[in-house]
Amino acid sequence: MRTALLSIPLLLAAAPALAQTLPNSLAMSCAATRALVQKNGQAVIATGPNIYELFVVNVSYCLPSQTTRPAWVKTADEAQCLVGRRCVDRQIRIRR
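Remember, predicted model here, so these are calculated numbers, not experimental data.

Enquirer: Teacher, can you tell me more about the overall build of the protein chain here?
Expert: Looking only at helices and strands, the protein chain has two helices and four strands in total. When its helices and strands are written in sequence order, the protein chain yields α-α-β-β-β-β. If you take every contact in the protein chain between residues at least 6 apart in sequence, the share linking residues at least 24 apart comes to 33%.

Enquirer: When you look at the state of the cysteines in this model, what are you seeing that I'm missing?
Expert: Formally, a disulfide is one covalent bond, and it connects the sulfur atom of one cysteine to the sulfur atom of another. This model, assessed by the stated rule, comprises two disulfides. Two residues, C30 and C81, share a disulfide whose sulfurs are 1.9 Å apart. For the disulfide bridge between C30 and C81, the dihedral angle about the S-S bond is near 80°, and by the sign convention the bridge is right-handed. Of this pair, C30 sits in helix α2 (residues 30–40) while C81 sits in strand β4 (residues 81–89); the two residues are 51 residues apart in sequence, bridging distant segments of the chain. As far as burial versus exposure is concerned, C30 and C81 are alike and both buried. Paired through a disulfide, C62 and C87 show a sulfur-sulfur distance of 2.0 Å. An S-S torsion of about -80° defines the bridge between C62 and C87 as left-handed. Here C62, found in the loop between β2 (51–56) and β3 (66–73), pairs with C87, found in strand β4; they are 25 residues apart in sequence, far enough to count as distant.

Enquirer: Where do I start with the environment of T67 in this structure?
Expert: Looking at where T67 falls in the secondary structure, it is placed in strand β3. Those residues in contact with T67 that lie beyond four places of it in its chain are V59, C62, R86, C87, V88 and R90.

Enquirer: What is the right way to look at the environment of W72 in this model?
Expert: Its place among the elements puts W72 in strand β3. Assessed through its relative accessible area of 44%, W72 is described here as partly exposed. The spacing of W72 and F55 is 17 residues in sequence and 9.9 Å in space, taken between C-alpha atoms.

Enquirer: When you look at the pairing of β2 in this model, what are you seeing that I'm missing?
Expert: Side-chain direction in a regular strand flips from residue to residue, so the side chains alternate between the two faces of the sheet. Where strand β1 (residues 42–48) lies against β2, six bridges are found, and the strand directions are antiparallel. From the neighbouring strand, G48 faces β2, where its bridge partner is I51. In textbook terms, the turn of a hairpin is the stretch between consecutive antiparallel strands, and for β1 and β2 this stretch comprises two residues, one of which, N50, has a positive phi near 60°.

Enquirer: Please explain the confidence of the model for the protein chain as it appears in this structure.
Expert: Segments scoring low in pLDDT should not have their predicted coordinates read at a detailed level. Summing up the model confidence of the protein chain, the mean pLDDT is 85 and the portion of residues at 70 or higher is 75%. Within the model, pLDDT remains below 50 along residues 1–7, and this stretch shows zero contacts once partners closer than five positions in the same chain are excluded.

Rules of the game
Within each chain, residues carry numbers counting from 1 in the order of the written sequence. Local features in this predicted model are restricted to residues of pLDDT 70 or higher, and side-chain atom pairs are both shown and tallied only at a pLDDT of 80 or more, whereas totals for entire chains, interfaces and linings draw on every residue. Side-chain figures throughout are based on the complete set of non-hydrogen atoms in the structure, without hydrogens or water. What counts as a helix is a DSSP run of H or I of at least four residues, what counts as a strand is a run of E of at least two, and both are numbered from the N terminus. Pairs of residues are marked as contacts when any of their non-hydrogen atoms sit within 4.5 Å. Disulfide assignment relies on a single distance test, namely cysteine sulfur atoms paired within 2.5 Å. Burial here depends on accessible area, computed with a 1.4 Å probe over protein chains only, as a share of the maximum for the residue type. Under 20% is buried, over 50% is exposed, and the range in between is partly exposed. By definition, two strands form a pair when at least two bridges between them are found by DSSP. Per residue, pLDDT captures the predictor's confidence, and it can take any value from 0 to 100.

See below:
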């Protein structure tokens, strides 16, 4: 029991090192960023310092209450790169 309690602080100290780093669109080409989303169907990609977002290939990766819109991001080689789609809430249209 004592060994287990002593190992907890070591695990907590190592936690940041265990965290995976996100792919960063600013360090990748447009083609590589797009390919990452296409290959996996979805990908969380950093698009700036402390900014990250989920990009998907189609609406099947979104919640049932969502739809998709084209997702343009800045990459290392393009200011506007179409990498996939973003999940967005559906807008309810009220007829009067």
